[in-house]
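# Summary of the model geometry
Residue-level listing of the chains:
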Amino acid sequence: MKIAVVMNDSPKSLKVGKELKQKLIQEDFEITKDRPNVVITVGGDGTLLNAFHTYVDQLDTVRFIGVHTGHLGFYTDWRDYEIDQLIKSLKEDTSKSVTYPLLEVELNYSDSEKSKKYLALNEATVKNLDKTMVAEVYIKNELFETFRGDGLSVSTPTGSTAYSKSLGGAVLHPRVNAIQLNEVASINNRVYRSLGSPMIIANDEWIHLDLKRGDSYQLHIDHFVMNQENLSSMTLKLSEKRIQFASYRHTHFWRRVNDAFIGE
Ligand code: NAP
């Protein structure tokens, strides 16, 4: 089995990552960044997001495992003191995995025929920070509303506990195959009106945003921020691809939610 170990730069993660690599080598695993079968991240959910984007073109062949060195995360199941147990599970591996939905984002530009595509694990957010963003929101080709405000964000089920939650979105169980649309500071008055509530979009539907101002936009795909000139429209839907996690253990989803947000 070929294993990549990806860690963040906190002293604790570097220490745990180093120890993990040494123990994996002792047990005859091959440590390599090149075409690994398993990617183990050491850090937090942010570290897993980073690793996801590094290996985004190898999702069919790679499985992820998250070791957390801070608090229990949504993508990180293992604690730093459980390295020996993790290595034992890797040795007994049966290739079982659990998969989670991903968001596909297609971007179109007014000055180019070429579109761009990205995959997001948490969410994609578009904002116009200079002026009010105006966007016609289509659901499955039908005009639903004209949004005015700071921006719009579309999240995956596993992203529902991240930025989406701060926007007032619902927390979705990752088995729910759907995406969620959230408004960022919409203008709602007698003249302008949008729904104002988060919307859960079914897996056979998609969201199309027709951006009404040919300005520059700020696009967030997970932790990446990109300025987009001449962005004219975006289509967001569930991807046919999914992220795979090695399923050696199962942490009850609502226990994670309790642990992260309530802590009792
Ligand atoms: P960051 O500072 O690395 O992350 C912000 C926080 O979000 C961290 O505590 C991170 O957990 C947590 N997080 C990431 N994915 C999560 C998930 N699926 N469920 C629950 N918590 C999650 O921020 P960044 O690098 O700019 O962006 C990474 C992600 O953070 C974005 O995709 C976005 O969803 C989220 N974020 C949220 C807000 C907000 O709520 N206002 C603002 C910015 C970014 P760890 O500490 O375990 O890494």
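As a reminder, the structure under discussion sits directly above these lines.
The sections below set out a description of the structure shown in this document. (Residues numbered from 1 in each chain as written. Predicted model: local features only at pLDDT ≥ 70, side-chain atom pairs only at ≥ 80, totals over all residues. Heavy atoms only, no water.)

By the alternation rule, side chains of strand β13 (residues 207-211) split into I207, L209 and L211, which are all buried, and H208 and D210, of which none is buried. Pairing between strand β9 (residues 133-139) and β13: five bridges, direction antiparallel. Across the sheet, residue V137 finds its bridge partner in β13, namely L209. Relative to strand β16 (residues 231-246), β13 runs antiparallel, the two sharing four bridges. Bridging across to β16, I207 finds its partner in L236. (Buried < 20%, exposed > 50% of the residue type's maximum accessible area, 1.4 Å probe, protein only. Helix = DSSP H or I, 4+ residues; strand = E, 2+ residues; numbered from the N terminus. Pairing = 2+ DSSP bridges.)

All right, on to the pattern of salt bridges then. Opposite charge on two side chains permits pairing when their charged atoms draw close. According to the stated counting rule, one finds twelve salt bridges in the structure shown. The closest approach of N and O atoms between E82 and R249, which form a salt bridge, is 3.0 Å. With E82 in the loop between β5 (78-79) and α3 (83-91) and R249 in the loop between β16 and α5 (253-261), the pair connects residues that are 167 residues apart, well separated along the chain. By relative accessible area, which is 13% here, E82 ends up buried. With relative accessibility at 25%, the residue R249 sits in the partly exposed group. (Salt bridge = Lys/Arg side-chain N within 4 Å of Asp/Glu carboxyl O.)

Another aspect to go through is the site of the ligand. With respect to spatial proximity, 16 residues lie near the ligand, and among them D45, G46, E123, T161 and S166 are the closest. In this structure, D45 approaches the ligand through a main-chain N or O atom, which is 2.8 Å from an oxygen atom. Within the contact set of the ligand, an oxygen atom lies 2.8 Å away from a backbone nitrogen or oxygen of G46. Secondary structure elements with two or more residues in the shell around the ligand: α2 (45-54) and α4 (163-166). Residues of the shell around the ligand, tallied by class, amount to five nonpolar, eight polar and three charged. When residues of the shell around the ligand are sorted by domain, at least three fall in each of domain 1 (2-96 + 247-261) and domain 2 (101-241). (Near = heavy atom within 4 Å. Polar contact = N/O pair within 3.5 Å; in protein donor to acceptor, adjacent residues only side chain to side chain. Nonpolar A, V, L, I, M, F, W, Y, C, P; charged D, E, K, R; others polar. Domains from an automatic or database assignment.)

Turning our eyes to something else, we now look at the side chain of E123. With respect to the helices and strands, E123 occurs in strand β8 (residues 123-127). Those residues in contact with E123 that sit more than four places away from it in its chain are L103, S153, V154, S155, A162, Y163, H220, I221 and D222. (Contact = heavy atoms within 4.5 Å.)

Shape is all these values report; function is a separate question.
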